Amino acid sequence: MTGRIRNPWVVVAAYNEAPVIGSVVSGIRRAGYAVVVVDDGSSDRTGDVALLAGAIVVRHPVNLGQGAALQTGIDYALEQRADALVTFDADGQHSPVAIAALLAAIEPPGIDFALGSRFLAGATANLPVSRHILLSAALWFTRASTGLPVTDTHNGLRAMTARGARAISLRQNRMAHASEILHQIAQSRLRFVEVPVNIEYSAYSLAKGQRITDALAILIDLFARRLYR
């Protein structure tokens, strides 16, 4: 690596992803990055498959949720003296090509977060109508509650410097952790940019995704937490 980023890590939170986690890790490793997979209490061979593919594996004995798994991975990467890290989904919908673009976006001094967006020029996302409705609702809520002028609120592809990572302390799980990250970015007052990224949806990744009813419950919960802080 050149410039100020010399030791980037990729963080993958995984729960019951044995069918695809091997190819996900292999793709990241071929791109030249160290990767830590947090096996979040999986009942299948997710951790073993990730280890064989070349990942460092940290295991939760029970399922704590995606937010907790990402926080474990962020903490591990910082312990390895990572100067930057990228969060990356475990279901195969992200391309390792995006990692370099995200890291390049935080290379300039003063920028601590690069947020992947499916909705910027140059990005592609073949979204089902139901998923588009869900993301639009989440976008409205996040813009209203944080003031951040983002175009995509629940994209798991994001990069952060070590300073940015230390400003993140996740407590929410499932879809809610993505809103929580944006709230904490707003509170940190650190600079962010958005980067166009491609998402490759498959029957597998869509089946693993958030249901509309679950997402509405999470949005209501987040709104209530904001009211009663």
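Residues numbered from 1 in each chain as written. Predicted model: local features only at pLDDT ≥ 70, side-chain atom pairs only at ≥ 80, totals over all residues. Heavy atoms only, no water.

Examining the overall build of the protein
For the protein, the count of helices and strands is nine helices and seven strands. Counting only residues that meet the buried cut, the protein has 53% of its 229 residues in that class. Roughly 10,600 Å² of accessible area belongs to the protein as shown, and the carbon and sulfur atoms make up 55% of that amount. (Helix = DSSP H or I, 4+ residues; strand = E, 2+ residues; numbered from the N terminus. Buried < 20%, exposed > 50% of the residue type's maximum accessible area, 1.4 Å probe, protein only. Areas by Shrake-Rupley, 256 points an atom, 1.4 Å probe, with all protein chains shown as cover.)

Structural notes on unusual backbone geometry
In this structure, N16 takes a positive phi of about 55 degrees despite not being glycine. For R189, which is not glycine, the phi dihedral falls at a positive 65 degrees. Counting through the fold element by element, R189 comes out in the loop between α7 (176–188) and β7 (191–196).

Comments concerning the nonpolar core
In terms of nonpolar packing, the biggest core is built from 33 residues, with V10, V12, I21, I28 and V37 touching the most fellow members. Among the secondary structure elements, those contributing two or more residues to this core are β1 (8–14), α1 (18–30), β2 (34–40), α2 (46–53), β4 (84–87), α4 (97–105) and β5 (111–117). With residues up to four places along the chain from it excluded, the contact list for V37 reads V12, A14, I21, V25, A50, A55, I56, V57 and V58. If you look at the next biggest cluster of nonpolar residues, it comprises 26 residues, including A69, I74, L78 and A165. (Core = buried A, V, L, I, M, F, W, Y, C linked by side-chain atoms within 4.5 Å. Contact = heavy atoms within 4.5 Å.)

Considerations on the sheet that holds strand β3 (residues 56–60)
Strand order in the open sheet formed by seven strands is β3-β2-β1-β4-β6-β5-β7, and the pairing between neighbours is mixed. Either end of the sheet is taken by a strand with one partner, and the two such strands are β3 and β7. Between one strand axis and the next, the sheet turns by 20 degrees as a mean value, whatever way the strands run. Contacting β5, β6 (158–161) and β7, α7 runs over the sheet at an angle of about 150 degrees to β5. (Pairing = 2+ DSSP bridges. Axes fitted to C-alpha atoms, helices over the stretch in contact; angles between N-to-C directions.)

Points about the environment of S117
As for its placement among the helices and strands, S117 is situated in strand β5. Classification of S117 as buried rests on a relative accessible area of 0%. With 36 residues separating them along the chain, S117 and T153 place their C-alpha atoms 8.1 Å apart.

Some words on the packing of aromatic side chains
In total, this model carries one aromatic pair according to the counting rule given. On the basis of an interplanar angle of 70 degrees and a centroid distance of 5.8 Å, the ring pair of W9 and Y76 is categorised as edge-to-face. With W9 in strand β1 and Y76 in helix α3 (residues 66–79), this residue pair connects regions lying 67 residues apart in the sequence. Residues W9 and Y76 agree in their burial class; the two are buried. (Phe/Tyr/Trp six-rings, centres within 6.5 Å; stacked < 30°, edge-to-face > 60°.)

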